[in-house]
Every structure is written in C-alpha cells, then in structure tokens.
Amino acid sequence: MTTLFLIFISAAFVNNFVLVRFLGLCPFMGVSTQYKSALGMSFATAFVLTMSSIASYLVNEYLLVPLGLEYLKTLSFILVIAVTVQITEMILHKSSPLLYQVLGLFLPLITTNCAVLGVALLNVQQQNSLIESAFFGFGAAVGFGVVLVLFSAIRERLEMADVPASFRGLPIALMTAGLMSLAFMGFSGMAQ
Amino acid sequence: MIAWINQWALALVSMVALSGLFGLLIIWVSKKFKVEGNPIVEQVNAILPQTQCGQCNYPGCKPYAEAIVSGEAPINQCPPGGQEGIKKLAELLDLEVLELNPENGAEEADQVVEIVEPDCIGCTKCIQVCPVDAIVGAAKQMHTVILDECTGCDLCIPACPVDCIIKIPAPITTQVRRNDKPALLTTIQEAQSW
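Under an unreviewed UniProt entry, the name given to chain B is Ion-translocating oxidoreductase complex subunit B, and the source organism is Marinicella litoralis.

Under the annotation held in an unreviewed UniProt entry, chain A carries the name Ion-translocating oxidoreductase complex subunit A and is attributed to Marinicella litoralis. Here chain A is described in UniProt, under the heading Function (unreviewed entry), as follows: "Part of a membrane-bound complex that couples electron transfer with translocation of ions across the membrane." UniProt, in the comment section headed Sequence similarities (unreviewed entry), describes chain A in these words: "Belongs to the NqrDE/RnfAE family."

Residue and element names in this part refer to chain B. By the secondary structure assignment, Gly122 is in the loop between β1 (111-115) and α5 (125-129). The buried category is assigned to Gly122, whose relative accessible area is 6%. Leave out the neighbours within four places in its chain, and Gly122 touches Ala138, Ala139, Lys140, Gln141 and His143.

As a further point, take the interface of chain B and chain A. Contacts between the two partners involve 15 residues from chain B and, on the opposite side, 19 residues from chain A. Note on chain B versus chain A: buried area summed over both sides is about 1,500 Å², and carbon and sulfur give 86% of it. When residues of chain B are sorted by the area they lose upon contact with chain A, Met15, Phe22 and Phe33 of chain B head the list and together hold 32% of the total. Taken together, the connections running from chain B to chain A amount to 0 salt bridges.

All names here are of chain B. Taking the UniProt record as the reference, the feature "binding site: [4Fe-4S] cluster 1" (unreviewed entry) is found at Cys53, Cys56, Cys61 and Cys78. A maximum C-alpha distance of 9.3 Å among these annotated residues, which run over 26 residues, shows that they cluster at one spot. Tracing the sequence through the fold places Cys53 in the loop between α2 (39-47) and α3 (61-69). Using a relative accessible area of 10% as the deciding quantity, one classes Cys53 as buried. Not counting residues within four places of it along the chain, the set of residues in contact with Cys53 comprises Pro80, Cys153 and Leu155. Judged by its relative accessible area of 7%, Cys61 is buried. Those residues in contact with Cys61 that lie beyond four places of it in its chain are Asn45, Leu48, Gln50, Thr51 and Gln52.

Rules used in this analysis
Residues numbered from 1 in each chain as written. Chains lettered and ligands numbered in written order. Predicted model: local features only at pLDDT ≥ 70, side-chain atom pairs only at ≥ 80, totals over all residues. Heavy atoms only, no water. UniProt positions renumbered as here; feature names shortened; annotations may be inferred. Helix = DSSP H or I, 4+ residues; strand = E, 2+ residues; numbered from the N terminus. Buried < 20%, exposed > 50% of the residue type's maximum accessible area, 1.4 Å probe, protein only. Contact = heavy atoms within 4.5 Å. Buried area = accessible area lost by both parts, 1.4 Å probe. Salt bridge = Lys/Arg side-chain N within 4 Å of Asp/Glu carboxyl O.

This is the structure:
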C-alpha cells in the first residue's frame, strides 16, 4: 500500500510529468488558455492515461516479453494508446453523452500527448506490476491535471496583465511555466 | 542468418496480428456502440422547409432545429414553413401552437427567384450567398437560376448590385419542390420501414 502511495505521489508531484520531466508540453501550452477547457482536458487525460498504462502493460507482459520483442515496445504502445483512445471515445459517446460533450473534443488530442507514451515506456523501464502501472498512470494524470489547471488559471490572469509587448502571448506563458517548474523543484527528493 | 530472419518474421507477424486484432476490436466496438444522431433534431429538421434562408436568425434549418430542441428558440420563427409548419412542430414537440413571429417575416406563397439575364453583369455575388448552390455562372458570364434547386430564400436579392434578381411564383412541375422534400423523405422512410 505504501509503495502504491509513493508511486502515486512520485508520479504526480515529485517527478511531475510536465514540470520536471517536460513531457506533454504541447497540450500544456495549447489547452491552457481557458480554465474550463483545461479542466476538461485534465479529466480526459486522467481517464486515458490510466486505461492506456494498463493496456500497454498487458501488451508488454503477454505479447512482447514472451516473444522477445521488447525492442518493438514504442511502436506497439503507440498503437495501443491510439486504440484505447478510440474505443474510449466511442463507448463514452454512446453511454454518457454528457461526459462526451465535456471530454469529446479533447480525447483525440490525447493520442498525440507524449506524456501518455512516456508513462507506458517508463512503466516498462521501472518494471512496475499491473497495479503499480495503473497507479503510476493515474498519478501522472493527476499531476498533469493539477499543473494544467493551475497554469490555465494563471494564464487567464495574464490576459489582463500589462505585459511588455515583446513578451505577450506564448513567451510570457513559457516563462510562467519555467517559474512553476522551479516551484515544483521544491518537491524533489521527497520520494524516488 | 536463419535465426535473424525468423526473428524478423516473428516481429512482423506479431505486429500485424496485433494491429489486425485491434482493428477488429474497433470495428466491433463501433458497431456495438453506434450512435444515431439526436433523433428529435432530425424529426424537427424534417418538418422545417429546408430553404436555408436564415429568416429565423439561425444560419440554416438544422441549426434552428437544434435550437428548438434545446429550448433555445420558439417554434414560430420560420416564415417559409408558415402556420402549417408551426402546427406540425407543435404537434411533434407537444407544444402550444403559436402565431408566426412577424419579426422574422411574413408567410408568402411558394416562390422562387429568376435572374433578368440581360441585366446581369456577372459579378458572382449571388452565387456566393446562395445556400443551396442553385445559381450557375462564372465571373463576367451571365448567371442563371436552376429553378428546381431554388428554395426561394431570397438571400441573393440584396446581394445583387444591379437588382436584376426578381421573385416569381414557383412553377408547377412534375418534380418535387425542395420545400416539399422533407415530407417526401418522411413518406419514403415510412415506406421503407414497412
């Protein structure tokens, strides 16, 4: 239990995927202009990350390792992620139209989120078990979501702020992200 | 050498099998979880006259249908559909029959537009605004209206800089007028469901 909790905290805060590992920067910059869409993106990512880390664990454990094909893991994980996202979208569309309206737009975007692939590959590297993989994925998603929502709130305020002309828009956003990254360095060393 | 080829073949076969399996899975899921569009919107859209005229303040009939279903718009904003259309909508949605909102325009007899061809300067402005692509022509060439396609939405009339587009009563043809198409479609669908 303690191990799972540590994995979760480590993935969410100490080794935050966006601010410490610098993965998934594309949606971090792209979907953070509005608080509302950032929230939607966070939930969608949480769902997909957990699902895809389980699915990619299964593929790795029961197909790639027995056949000695570990060198194909990047390729097959991309496939697994794309399929997971697609199936999630279809099932969601049918079973929960309301949730689909909130998440629907973001789901296809997640396919190309490198944090998702990163989680799958790191799971293999750290030799996590199925449960550990799921927790690692979920922790990564929570970390991503928290940072994304915080950042979007800051960016909404930045819209109003009097920023020097040459820093307006993306440059000031990147600087803010850098400062946030510095703040997250405060977690380093708390867990592996 | 043989071992190397074996390994290579194994990798190829397993990847193809994996993608094939996933493909089948997606096909199965997409069949199992097929989503039909909002059926009520489709039904409302079938009653609307499909003139795409925008007199209801929505960009077309489908958006207006969506607005009606979501409760955003009242049912009395469609002059081409007229009182008859409002009655049908009220019946379908179990609402009260309203009078046509005069702000959206008045109900008129079925009509189409025609280009007074000697006056046409070939500016293509009417082609660009036509929502149903019923005007043919090219720059600096005389334009003309395909009467069978024209819905009588009048959107081209204000766009014409030389006022050469006039309204004429809809000709009686053996073909089904576009305004009647939804009704015809319903008939066809009913016939098919037998």
